[in-house]
Amino acid sequence: MIGIPRKLLPSSSALAAFDAVARLGSFSAAAHELSLTQGAISRQVAGLEEQLGTRLFERNSRGVFLTPVGTAYAESIGPALRMIRQASLQAMTKTQANSLHLAILPMFGTRWLMPRIPRFVARHPHITLNFATRIGQFDFERENIDAAIHIGQPDWPGAVSTFLMDEFVVPVCSPAFFAQHRIEAPDDLVGLPLFHMASRPGAWDHWFGALGLKPASGRGMWFEQFSNVSQACIAGLGIALMPQFMIRSELESGQLLVAVPHAVKSPSAYYIVAPHARMSHAPVAAFIAWILEEVAAENPAA
């Protein structure tokens, strides 16, 4: 029986090092990604080149570049390594057929989804849920994610976007801030410190425009997370546009109040998104059906 020549089976560590350098274009970046030293990455790549008997990279003062052979090799082993990683993860969890890897938005996950998840688990006890936090679009295959909760438009390439709900925002602030400033009408907010979200840079323009008012200036703090915005509001630093369902507890407790009772529908909406290839995956189909039921129960007139 003829075995496979050792030369044709490089070590997984050598292949991982080569793949990281090929993708990132840097030995130092590859070392950071794999939690190794730059010297270790260099030795792995050098050993692979020696084993294959060919140069995979050109090194000069401008950096590291794939040779033509290296480019072809990277294009071949990249998908294979991703398949190995995914298969290994599935083997480790032992729930290949009954696992759901779901990407969620931080505040949506905390405030809306997680309180309802026990009902999904009770209905589908055989499905193992794995959560990851993601903001914005990403590569489902590379991230090993089956579905995602998305805020934005139904324009995710290669995926099916199923509408969940619209989002309505209202301006909120702390009682102390409200008491210190005269706020009687929407245009009273124009000169006050307004908080802005990096993911929704035009939110205030949209809100003022819906009232027929000129947009406010960009003066004010910028944030990436709604949790930080709400805390800044509670601290009395300014006013923020917040989705109503995300701040119910703060409004009920009196930590925040609605500065102007005018809710505006955001240009973006919430969707459950899954790649076309995963729509027939039983856990994905079960989760989509369940979350649509949850939304319908909360908004019976929608």
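This one's a predicted model, so the numbers in the text were calculated from it and none came from an experiment.

## Considerations on the packing of aromatic side chains
Next up, step 1: On inspection of all chains with the given rule, the structure shows 18 aromatic pairs.
Next up, step 2: Look at Phe-108 and Trp-112: their rings are 5.2 Å apart centre to centre, the planes differ by 25°, and that puts the pair in the stacked class. With a gap of four residues between them, Phe-108 and Trp-112 both fall in helix α5 (residues 106–113), about one helical turn apart.
Next up, step 3: A relative accessible area of 0% means that Phe-108 is categorised as buried.
Next up, step 4: You can call Trp-112 buried: its relative accessible area is 1%.
Next up, step 5: Ring geometry for Trp-207 and Phe-208: centres 5.1 Å apart, planes at 85°, overall edge-to-face. Here the two residues Trp-207 and Phe-208 agree in accessibility, since each one is buried.

## Focus: the environment of Ile-127
Next up, step 1: Mapped onto the fold, Ile-127 is located in the loop between α6 (117–123) and β4 (128–133).
Next up, step 2: Residue classification places Ile-127 among the buried residues on the basis of a relative accessible area of 8%.
Next up, step 3: In the structure, Ile-127 is positioned 27 residues away from Leu-100 in sequence and 7.0 Å away in space, judged by C-alpha atoms.
Next up, step 4: Every residue in contact with Ile-127, bar those within four places of it in the chain, is listed here: Asn-98, Leu-100, Phe-120, Pro-283 and Ala-286.

Here is what the cut-offs are and how they apply
Residues numbered from 1 in each chain as written. Predicted model: local features only at pLDDT ≥ 70, side-chain atom pairs only at ≥ 80, totals over all residues. Heavy atoms only, no water. Phe/Tyr/Trp six-rings, centres within 6.5 Å; stacked < 30°, edge-to-face > 60°. Helix = DSSP H or I, 4+ residues; strand = E, 2+ residues; numbered from the N terminus. Buried < 20%, exposed > 50% of the residue type's maximum accessible area, 1.4 Å probe, protein only. Contact = heavy atoms within 4.5 Å.

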